[in-house]
Amino acid sequence: MARLTLDELRRKRAEAQKSIYLREGEFRGKIIVHMGTCGIAAGARAIVSAFLEELEKSGVKDIMITTSGCAGLCSKEPMATVEMLNSPPVRYVELTPEKAREIFQAHIIGGTAVAEYALGIGSERGG
């Protein structure tokens, strides 16, 4: 295996970062389903399936569905975070496949967060 130079590593890092940040990517939104062991035990796989089904039915091509690890609120699983371009992220808790479908239609398609299922709106990061 050939060794990479420092410049090659920097270029690969920049390419990877572009796919992570919505503003530079081709997506206007991202759905993150939290799939730690607690999430999986609480039914997160069914939530991912529900979001994927809604995405396929809608024909929308600029929404990314991805997974992450535990978000630290195991008692509120299954959870998902919806991040739309130029809007604060919304963390949804205690989801069911039906709630996920409703969130997809209202938030992703309609542009309005479903407040009754949301734990919080906005980033947890400071600064």
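That block above? That's the structure.
Read on for a plain summary of the structure. (Residues numbered from 1 in each chain as written. Predicted model: local features only at pLDDT ≥ 70, side-chain atom pairs only at ≥ 80, totals over all residues. Heavy atoms only, no water.)

To continue, consider the environment of Ala80. Position of Ala80 among the secondary structure elements: in strand β3 (residues 80–84). In sequence terms Ala80 and Ala118 are 38 residues apart; their C-alpha atoms lie 9.5 Å from each other. Beyond its immediate stretch of four places on either side in the chain, Ala80 contacts Ile32, Val33, His34, Phe51, Val90, Arg91, Tyr92 and Leu95. (Helix = DSSP H or I, 4+ residues; strand = E, 2+ residues; numbered from the N terminus. Contact = heavy atoms within 4.5 Å.)

The next subject is the sheet that holds β3. Pairing is mixed in the open sheet, where five strands are placed in the order β2-β1-β3-β4-β5. Taken across any chain shown, the strands that pair with only one partner, and hence form the sheet edges, are β2 (63–68) and β5 (118–121). The mean angle between the axes of side-by-side strands here comes to 20 degrees, regardless of whether they run parallel or antiparallel. Of the strand pairs in this sheet, strand β1 (residues 29–34) and β2 are connected by six bridges, and their pairing is parallel. Along β2, the bridge assignment pairs Ile32 with Thr66. Contacting β1, β2 and β3, helix α3 (residues 44–58) runs over the sheet at an angle of about 160 degrees to β1. Together, β1, β2, β3 and β4 (90–92) form the strand contacts of helix α4 (residues 97–109), whose direction differs from that of β3 by roughly 20 degrees. (Pairing = 2+ DSSP bridges. Axes fitted to C-alpha atoms, helices over the stretch in contact; angles between N-to-C directions.)

Let us look at the pairing of β3. For β3, the buried fraction is high: four of the five residues fall into the buried class. Of the strand pairs in this sheet, β3 and β4 are connected by three bridges, and their pairing is antiparallel. Following the sheet pairing, Val82 is matched in β4 by Val90. Hairpin remark: β3 followed by β4, antiparallel, with five residues in the connecting loop; positive phi at Asn86, about 65 degrees. (Buried < 20%, exposed > 50% of the residue type's maximum accessible area, 1.4 Å probe, protein only.)

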